[in-house]
Amino acid sequence: MTTAPGPAPVAPLAGPPRHPLDPDPTRATKARAVFALGLIGALTGLFIGGVVPATVALHLARQARREAYASGGFLTGAAWLRRGEHLAWTGLVLVAVAVFAAVVVGVIRLAEAPYGQDFAPNVN
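All chains use their own residue numbering, which begins from 1 and follows the written sequence. Local features in this predicted model are restricted to residues of pLDDT 70 or higher, and side-chain atom pairs are both shown and tallied only at a pLDDT of 80 or more, whereas totals for entire chains, interfaces and linings draw on every residue. The side-chain numbers reported here are obtained from all heavy atoms of the structure, hydrogens and water having been left aside.

Draft legend 1. The arrangement of helix α3 (residues 78-112) in detail. The helix and strand labels rest on DSSP assignments: H or I over at least four residues marks a helix, E over at least two residues marks a strand, and numbering proceeds from the N terminus. Here a helix's expected span is defined as the number of its residues, less one, multiplied by 1.5 Å. Counted at 1.5 Å a residue, the expected span for α3 with its 35 residues is 51 Å, and the 51 Å between its end C-alpha atoms agrees. Burial classes: relative accessible area under 20% of the type maximum marks a residue as buried, over 50% as exposed, and values in between as partly exposed (1.4 Å probe, protein chains only). Among the residues of α3, Leu81, Gly84, Glu85, Ala88, Gly91, Val95 and Ala98 are the ones counted as buried. Residue contacts are counted whenever heavy atoms from the two residues lie within 4.5 Å of one another. On its buried face, α3 is in contact with α1 (29-43) and α2 (51-70).

Draft legend 2. Quick peek at the nonpolar core. Each nonpolar core is a collection of buried residues, namely Ala, Val, Leu, Ile, Met, Phe, Trp, Tyr and Cys, held together in the definition by side-chain atoms within 4.5 Å. Counting seven residues, the largest nonpolar core consists of Ala28, Ala31, Val34, Leu60, Ala61, Ala64 and Leu81. The set of elements that each furnish at least two residues to this core consists of α1 and α2. In terms of residues, this core owes the most to one element, α2, which gives three residues. What leucine 81 contacts, discounting residues up to four positions off in sequence, is Ala31, Val34, Ala61, Ala64 and Arg65.

Draft legend 3. Examining the packing of aromatic side chains more closely. Pairing of aromatic side chains requires ring centres within 6.5 Å, counting the rings of Phe and Tyr and the six-membered ring of Trp. Pairs whose planes differ by under 30 degrees are stacked, by over 60 edge-to-face, and all others tilted. Summed over all chains, the structure comprises one aromatic pair. Between phenylalanine 35 and tryptophan 80, the aromatic rings sit 4.8 Å apart at their centres with planes inclined by 85 degrees, giving edge-to-face as the arrangement. Placement of the pair is phenylalanine 35 in helix α1 and tryptophan 80 in helix α3, with a sequence separation of 45 residues. With relative accessibility at 27%, the residue tryptophan 80 sits in the partly exposed group.

Draft legend 4. The arrangement of the pattern of salt bridges in detail. The term salt bridge refers to a side-chain nitrogen of Lys or Arg lying within 4 Å of a carboxyl oxygen of Asp or Glu. Applying the stated criterion to the full structure yields two salt bridges. A salt bridge links glutamate 67 to lysine 30; the nearest nitrogen and oxygen atoms lie 2.9 Å apart. Of this pair, glutamate 67 sits in helix α2 while lysine 30 sits in helix α1, and the two are 37 residues apart along the sequence. For glutamate 85, the salt bridge is made with arginine 65, and the minimal N-O distance between the two is 2.8 Å.

Draft legend 5. Region of the structure containing the packing of α2 against α3. Helix axes use the C-alpha atoms of the stretch in contact, all axes being lines fitted to C-alpha atoms, and the angles between their N-to-C directions lie in the range 0 to 180 degrees. Look at α2 against α3: their axes get within 9 Å of each other, and the N-to-C directions meet at 150 degrees. Taken as axis vectors, α2 and α3 run roughly antiparallel relative to one another. As for the relative orientation of α2 and α3, their crossing is left-handed in sense. Seen from α2, the contacting residues are Val51, Ala54, Thr55, Ala57, Leu58, Ala61, Ala64 and Arg65; seen from α3, they are Leu81, Arg82, Glu85, Ala88, Trp89, Leu92 and Val95. Of the residues assigned to the contact of α2 with α3, the class counts are eleven nonpolar, one polar and three charged. For classification purposes, angles smaller than 35 degrees are called roughly parallel, those larger than 145 roughly antiparallel, those between 65 and 115 roughly perpendicular, and all remaining angles oblique. Handedness of a helix crossing follows the sense of rotation of the near helix relative to the far helix, less than a right angle counterclockwise being left-handed and clockwise being right-handed. Ten residues, namely Ala, Val, Leu, Ile, Met, Phe, Trp, Tyr, Cys and Pro, are considered nonpolar, four, namely Asp, Glu, Lys and Arg, are considered charged, and the remaining ones, Gly among them, are considered polar.

This is the structure we're talking about:
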């Protein structure tokens, strides 16, 4: 087996070299907060308490997406944002289901209740 004379081939870089003053890509801190709030919203959705953390998670996700776009790719965490948004929407759907079920149960109980005054049997 023979080798070609000269230096060994070097693998090409994936893109242009980074400027030394560019910041390192880091995960957005809001991405973790969105995921945590979305998870809390999904877990407490059936207890109606999930509406607050889910709403806050959706607002934070919007801010985090704006910041990530403005950073030019140096803020990461899009997967955490997506998961957190999905969990927040799940929590809001669970809240809507719980409210709907409570209204249906309330209407059924109201329909079964007697109306008017209930007098004793010996009263004309």
